[in-house]
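# Structural characterization, general
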Amino acid sequence: MDFESFLLLLEIFFPVLGVVIIVVLAGMTAGKEKWAVLIIGPAILLGLHFLLLKSGWIDGNLLTAAIFGLFFMAAYYYYIILLIVGLAKLWKHYKSKQIP
């Protein structure tokens, strides 16, 4: 496999591999570390994917642009849902402490 073929596969599967790594790390951790992985992991992955595309190593194609666009849009909704779940868990935690 030549270097250009490797870069083509990397640009397509980089977000998928990153999401798998984030899911595995989140499953292995608990508590504050899990929330750190769930918050910081996708942000780092999106930043690395953006830098990989901007570096010029990859010519890009329509599939890469679609994957990046879908990943960017999914990250937007992901953080909204994560915020709602976090606030609900925080509310439940504080409410359970106040009940005698």
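Our structure's up above, just so we're on the same page.
Note that this is a predicted model, so its numbers are computed, not measured. (Residues numbered from 1 in each chain as written. Predicted model: local features only at pLDDT ≥ 70, side-chain atom pairs only at ≥ 80, totals over all residues. Heavy atoms only, no water.)

### Overview of the overall build of the chain
- Looking only at helices and strands, the chain features three helices and zero strands.
- Secondary structure elements in the chain, listed N-terminal to C-terminal, are α-α-α.
- In terms of overall size, the chain is more extended than a compact globule, its C-alpha atoms giving a radius of gyration of 18 Å where 100 residues would be expected to give roughly 13 Å.
- Taking the principal axes of the C-alpha coordinates as reference, the chain spans close to 65 × 25 × 15 Å.
- Burial analysis of the chain (100 residues in total) assigns 21% to the buried set.
- By sequence separation, contacts in the chain at least 24 residues apart represent 70% of the contacts at least 6 residues apart. (Helix = DSSP H or I, 4+ residues; strand = E, 2+ residues; numbered from the N terminus. Rg over C-alpha atoms; globule rule 2.2 N^0.38 Å. Buried < 20%, exposed > 50% of the residue type's maximum accessible area, 1.4 Å probe, protein only. Contact = heavy atoms within 4.5 Å.)

### Points about helix α3 (residues 62-98)
- The first and last C-alpha atoms of α3 sit 54 Å apart over 37 residues, in line with the 54 Å expected at 1.5 Å per residue.
- Along α3, the residues classified as buried are T64, F68, F71, A75 and L82.
- Packing partners of the buried residues in α3 comprise α1 (3-28) and α2 (32-54). (Expected span 1.5 Å × (residues − 1).)

### Description of the nonpolar core
- By size, the foremost hydrophobic cluster in this structure holds 10 residues: I22, A26, V37, L38, L45, L46, F68, F71, A75 and L82.
- Sorting the residues of this core by element identifies α1, α2 and α3 as the ones contributing at least two each.
- When near neighbours in sequence (up to four residues on either side) are disregarded, A26 contacts K34, V37 and L38. (Core = buried A, V, L, I, M, F, W, Y, C linked by side-chain atoms within 4.5 Å.)

### Focus on the environment of I44
- Mapped onto the elements, I44 comes out in helix α2.
- Accessibility expressed as a relative area gives 47% for I44, which makes it partly exposed.
- In sequence terms I44 and S5 are 39 residues apart; their C-alpha atoms lie 25 Å from each other.

### Description of the environment of Y76
- Note on placement: Y76 falls in helix α3.
- On the basis of relative accessible area, Y76 is assigned to the exposed category, the value being 54%.
- Considering only alpha carbons, one finds Y76 and L38, 38 residues apart in sequence, at a separation of 13 Å.

### Some thoughts on the packing of α2 against α3
- Taken N-terminus to C-terminus, the directions of α2 and α3 make an angle of 165°; their axes are 11 Å apart at the nearest point. In terms of axis orientation, α2 runs roughly antiparallel to α3. Between α2 and α3 lies a crossing whose hand is left-handed. Within the contact between the two elements, α2 uses W35, L38, I39, P42, A43, L45, L46, H49, F50 and L53 and α3 uses T64, F68, F71, F72, A75, Y78, Y79, L82, V85, G86 and K89.
- Tallied by class, the residues present in the contact of α2 with α3 amount to 17 nonpolar, three polar and one charged. (Axes fitted to C-alpha atoms, helices over the stretch in contact; angles between N-to-C directions. Parallel < 35°, antiparallel > 145°, perpendicular 65-115°, else oblique. Left-handed = near helix turned anticlockwise from the far one by under 90°. Nonpolar A, V, L, I, M, F, W, Y, C, P; charged D, E, K, R; others polar.)

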